[in-house]
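# Notes for the structure review
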Amino acid sequence: MFDRAKFWRYARYTILTVALLAAGFTLYLDIRVRSEFEGRRFALPARIYARPLELHAGLRIAQIDVVRELQEAGYGQGPREGDPGWFANDNDWLEVAVRPFVFWDGLQPAKRVRVAFEGGAVKAVQDAEGRDLPLARLEPLAIGGIYPANNEDRVLVRLSEVPKHLVQALVANEDRNFYAHHGFDLRGIARAALSFLRLKGLQGGSTLTQQLVKNFFLTPERTLSRKITELFMAVLLEIHYDKDEILETYLNEIYLGQDRDRAIHGVGLASLYYFGKTVEHLTLAESALLVGMVKGPTFYDPFRNPERALERRNLVLRETKDRGFATMEEYSKARAASLGVNQKAAMGTSPHPAFLDLVHRQLRRDYDEADLRSEGLRVFTTLDPRVQSAAERVLERKLAQFDRGKIFGDPGLEGAVVVTDTQSGEVQALVGGRDVRYRGFNRALDAARPVGSLLKPAIYLTALADPAHYTLVTPVDDGPFVWKSRGAPDWEPTNYDKTFHGAVPLRTALAHSYNAATARLGTDIGVERVLATIKRLGIEREMQPYASTLLGAVDLSPLEVAQLYQTIASGGFRTPLRAIREVTTQDGRPLKRYALAVEQAFPPEPMYLITAAMQGVVREGTAQSLKNWLPPETAVAGKTGTTTEQRDAWFAGFTGDRLGIVWIGYDDNRAARLSGAGAALPVWGEMMAALAPEPLALPKPDGIENVLIDPESGLRADFACSGAVELPFAQGSAPVARAPCASAVGVVVEQVKQQAKNWVQRLFGR
Amino acid sequence: MRTLLAFLAAAIAGCATVVQPPGPFPEPAPLPEPAARTENLAIAGLMDGARSDAAAGRLTNAAASLERALRIEPRNPRLWQELARVRLKQGDYVQAESTAARSNSWAGGDNQLRAENWRLIAQARDARGDAEGAKAALEAAERQR
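Rules used in this analysis
- Residues numbered from 1 in each chain as written.
- Chains lettered and ligands numbered in written order.
- Predicted model: local features only at pLDDT ≥ 70, side-chain atom pairs only at ≥ 80, totals over all residues.
- Helix = DSSP H or I, 4+ residues; strand = E, 2+ residues; numbered from the N terminus.
- Rg over C-alpha atoms; globule rule 2.2 N^0.38 Å.
- Buried ≥ 20, exposed ≤ 12 C-beta atoms within 10 Å, placed from the backbone.
- Contact = placed C-beta atoms within 7 Å.
- Pairing = 2+ DSSP bridges.
- Axes fitted to C-alpha atoms, helices over the stretch in contact; angles between N-to-C directions.
- Core = buried A, V, L, I, M, F, W, Y, C linked by C-beta atoms within 7 Å.
- Domains from an automatic or database assignment.
- Nonpolar A, V, L, I, M, F, W, Y, C, P; charged D, E, K, R; others polar.
- Parallel < 35°, antiparallel > 145°, perpendicular 65-115°, else oblique.
- Left-handed = near helix turned anticlockwise from the far one by under 90°.

### With respect to the overall build of chain A
For chain A, the helix and strand inventory stands at 23 helices and 33 strands. Whereas a compact globule of 766 residues would reach a radius of gyration of roughly 27 Å, chain A reaches 35 Å, over 25% beyond that. Structurally, chain A occupies a C-alpha span of about 135 × 75 × 55 Å along its principal axes. Each of the 766 residues in chain A was classed as buried or not, and the buried ones make up 48%. In chain A, 69% of the contacts between residues at least 6 apart in sequence involve partners at least 24 apart.

Shown next, in the form of structure tokens:
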């Protein structure tokens, strides 16, 4: 029997339960929408910048290099009305409309700069009125970021900054009734259904609010329950927030393209990425292009599918005009415009991942990882794009060249390069492997490899710091050498050329990197003392006090080697290597400066002597072949390094302005059969030659005197000695005895000179 | 007679001047005279900015401007000295001393500049409670005359 009363009772219960559930669900959604929308701040990546180029009269830089940097920063060629971010040039002049930029020390407004070039240098810097400017700082290149999950990148904008025509085009094409509906649009849904039935394909029908909800809160599945949840949340969002708030969030959220592994979100970043300009300067045509891409940023990618993108843009333009948001005139003008996109090399999360890795590690000492990935910090680094690209280019090319000459198969040779400023310790370039765009094993930081002869300067420095016992001409014995210590096998270093050279002057032993002589010298001085020197030079890694350590049976990374040589290059002032100058908040409030710090680790005299000896390595020793790239006047100081079975090839050297470390070898430690001079040095030489290095000229300290020496005997020479050389000595440490070649005449002349002086003095009573 | 003798003596001395053969170990190329190079407009501008920042107590900005200038002229001892002065005001006495020492390393024959650096070093040591070191530094400053 059908029990009517019972049925209604159950029905009531059911309805009540459903209503309660629906209410509970709505309440839950409401809480979610409100808490997440309000609490939600877009996670903004830390944005990393290269050093800004500072132009001033006298700066040695060619116009082409400045132009290249401007192009990379998205500056277009040829004047543009109204908005900055372009340059114009002829042979001698470059005019730049510099975009405004918030530096660490505040906002630098947009400005016009005229730069005159002459002979590979800046001749004058002027403003638009032709007045001389002492200094013009250009906008720094963005070189990547530290990204939130999914590598989402965005630049937040306010609705007031977004041009009206962009918003109008968006509303006209994506959600005509946006300003009227309550989160969903029945007419839109009907239209979508209709066009579906007419076999015109599935069209959106989602309001902007629904699209936002979908991107914001939901996964991209397309099920009915998702659709219903989306609808509910859209309505709730509309209840709590006004249209402008929703629109602003939408404009910042929307996905608009992909740059390798970096996702381009929001119209703020998209205008920079596609057009190299800030959003407020977008034209109607450019706005329409972006709006057109909302449907499918990959399908309508203007770089890869320009024709499709153009067609889509024009469709958007027509719709905008038809909805009354553009006049016929505006429409025709926009339709006639070209795409206007500004293609740059794909950058991804960074074009220089190895350098970014270094920056990231230095940042992690002071900041939380979560903050780095979400707070939009702005990080000003020391990377010099010109140096970095020279290092990348040369390493790639040389390794490919060496590989061709090898019988070994894959994987090929690897390499790493570090370049720093000799005076400030700023890291200007860092390459972590031959695939310079690859974010992976960073050999510059993490490949600890035997350094071979690269430690020798530390031994010679220890010796030269003791001028009572060692000078550049002190004979050292390069005869067979055996080191016996209990519990360890005998150590018998041999020379690279398999011969022993007998007694040689100290500077020659270094210049030719004689192992036996160096081992003897090092053990005479004491391994512990040498290790103390290495520590003072800036190596923190613990080293075993074994004699073999002296000849580089020690693993160091190229960056550590750079730190060690930095102290030598800056004349004994230890300067921690830095990759970061400043950090600010997203809106430019300064957070932290990484100040230049120096510490005098050695007195100037021994540093002067070791530098002179290292210049000898390049002038007449193992690094002579450097003359193929740089003229002798550059007076480079350097050292080659080659390890057992030629597994590692190193070169470390510095000019007046830059220190460079190059390592080449196989990851799996195969014998590379390449020497420091044969493989690492050519990379160094070619790279530095491309950078027009400043000659190395150390200031002569007070405690140093130059004395003419006969290389044969190592004794004092005079004009009668052919081939005599002038060498620096710590005051009072030069040999006293005269060389056999020093003429008797010379002695007599000296005496006569002295007597004449005395006589004249007596004569004039002085 | 005296003149003749003097002339003779001078002539002998002149003859005896040893002509140094150009050895393969050249004296490092002469440096552009450091102190005289301050006339660079960019440097002058940054230095002025740093001084007024320092006077107004904006020491971090002053240091930043000086570092900016040092990137342009890393061998300018006046910039290093000015930076040492700022470090002293910042209370960073260790850096003040080593930065003044760095200035000294580029000071060449400029004794006044050296003396001033030693005085800065003396102040830094004094502030650290190293009275003896400060005294030694003041003596070094005196020796520069």
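Now that the structure has been shown, we can carry on.
### Focus: the overall build of chain B
In terms of helices and strands, chain B carries 7 helices and 0 strands. Every one of the 145 residues in chain B was classed for burial, and the buried ones make up 43%. Across chain B, every contact between residues at least 6 apart in sequence was considered, and the portion connecting residues at least 24 apart equals 49%.

### Examining the sheet that holds strand 12 (residues 152–154) of chain A
Residues and elements named next belong to chain A. Strands sit in the order 12-14-13 across an open sheet of 3 strands; the sheet is mixed. Each edge of the open sheet carries a strand with a single partner, namely strand 12 and strand 13 (255–259). Each neighbouring strand pair of the sheet contributes to a mean axis angle of 35°, computed without reference to strand direction.

### Quick look at the environment of Arg80 of chain A
Residue and element names in this part refer to chain A. Looking at the secondary structure, you find Arg80 in the loop between strand 3 (76–77) and strand 4 (86–89). With 15 C-beta atoms counted inside 10 Å, the residue Arg80 sits in the partly exposed group. The spatial distance from the C-alpha of Arg80 to the C-alpha of Ala97 is 9.0 Å, given a sequence separation of 17 residues.

### Considering unusual backbone geometry
Residues and elements named next belong to chain A. Backbone geometry places Gln646, a non-glycine residue, at a positive phi of 55°. As for its position among the elements, Gln646 is in the loop between strand 28 (637–642) and strand 29 (648–654). Judged by the 19 C-beta atoms lying within 10 Å of it, Gln646 is partly exposed. A positive phi angle, close to 45°, is found at Ala692, a residue other than glycine. When you line up the elements, Ala692 lands in the loop between helix 22 (676–689) and strand 31 (704–710). Overall, Ala692 belongs to the partly exposed group, with 14 C-beta atoms counted inside 10 Å.

### A word on the sheet that holds strand 32 (residues 715–716) of chain A
All names here are of chain A. Pairing is antiparallel across the open sheet formed by 3 strands, whose spatial order is 32-31-33. Two strands in the sheet have a free side with no partner beyond their single neighbour: strand 32 and strand 33 (725–730). Relative to strand 32, strand 31 is paired through 2 bridges, and the arrangement is antiparallel. Bridge pairing in strand 32 links Ile709 to Arg716. Packing against the sheet, helix 21 (residues 604–620) makes contact with strand 31 and strand 33, and its axis sits at approximately 150° to strand 33.

### Describing the nonpolar core
Residue and element names in this part refer to chain A. One finds Val379, Ala391, Val417, Val431, Tyr565, Val662 and Ala680 to be the most contacted residues of the largest nonpolar core, which totals 184 residues. Per-element tally for this core: the top contributor is helix 21, with 9 residues. Listed in part, the 51 residues of the second largest apolar core include Leu237, Leu247, Tyr250 and Phe275.

### Brief notes about the domain arrangement of chain A
Residues and elements named next belong to chain A. Domain boundaries in chain A define domain 1 (54–146), domain 2 (151–336), domain 3 (353–450 + 625–701) and domain 4 (704–763). Centre-to-centre, using C-alpha coordinates, domain 1 lies 35 Å away from domain 2. At the junction of the two partners, domain 1 supplies 6 residues and domain 2 supplies 5 residues. Across the side of domain 1 that touches domain 2, the residue classes tally to 1 nonpolar, 4 polar and 1 charged.

### Points about the pairing of strand 13 of chain A
All names here are of chain A. Inspection of the sheet shows strand 13 paired to strand 14 (residues 262–265) by 4 bridges, in the antiparallel sense. Residue pairing for strand 14: Asp259 is matched across the bridge by Arg262. Between strand 13 and strand 14, which pair antiparallel and follow one another directly, the connecting turn spans 2 residues, one of which, Arg260, has a positive phi of 50°.

### Overview of the pairing of strand 16 (residues 414–421) of chain A
All names here are of chain A. By the criterion of burial, strand 16 is predominantly enclosed, with 8 of the 8 residues buried. The alternating pattern of strand 16 places Glu414, Ala416, Val418 and Thr420 and Gly415, Val417, Val419 and Asp421 on opposite faces, both of which are buried. The pairing of strand 16 with strand 17 (residues 427–431) spans 4 bridges and is classified as antiparallel. Residue pairing across strands places Val418 opposite Leu430, the latter belonging to strand 17. Linking two consecutive strands that pair antiparallel, namely strand 16 and strand 17, is a turn of 5 residues; a positive phi of about 75° is found at Gly425 within it.

### Observations regarding the packing of helix 6 (residues 111–127) of chain B against helix 7 (residues 131–143) of chain B
Residues and elements named next belong to chain B. Two elements in contact, helix 6 and helix 7, have axes separated by 8 Å at closest approach and are oriented at 170°. In terms of orientation, helix 6 and helix 7 fall into the roughly antiparallel class. Facing helix 6, whose interface residues are Ala115, Trp118, Arg119, Ile121, Ala122, Arg125 and Asp126, helix 7 presents Ala131, Gly133, Ala134, Ala137, Leu138, Ala140 and Ala141. Here the contact of helix 6 with helix 7 is built from residues that sort into 10 nonpolar, 1 polar and 3 charged.

### A few points about the packing of helix 3 (residues 164–174) of chain A against helix 9 (residues 284–293) of chain A
Residue and element names in this part refer to chain A. With their axes 9 Å apart at the nearest point, helix 3 and helix 9 run at an angle of 40° to one another. For the element pair helix 3 / helix 9, the angle class is oblique. Relative to helix 9, helix 3 is oriented so that their crossing is right-handed. Within the contact between the two elements, helix 3 uses His165, Leu166, Ala169, Leu170 and Asn173 and helix 9 uses Leu284, Ser287, Ala288, Leu290 and Val291.

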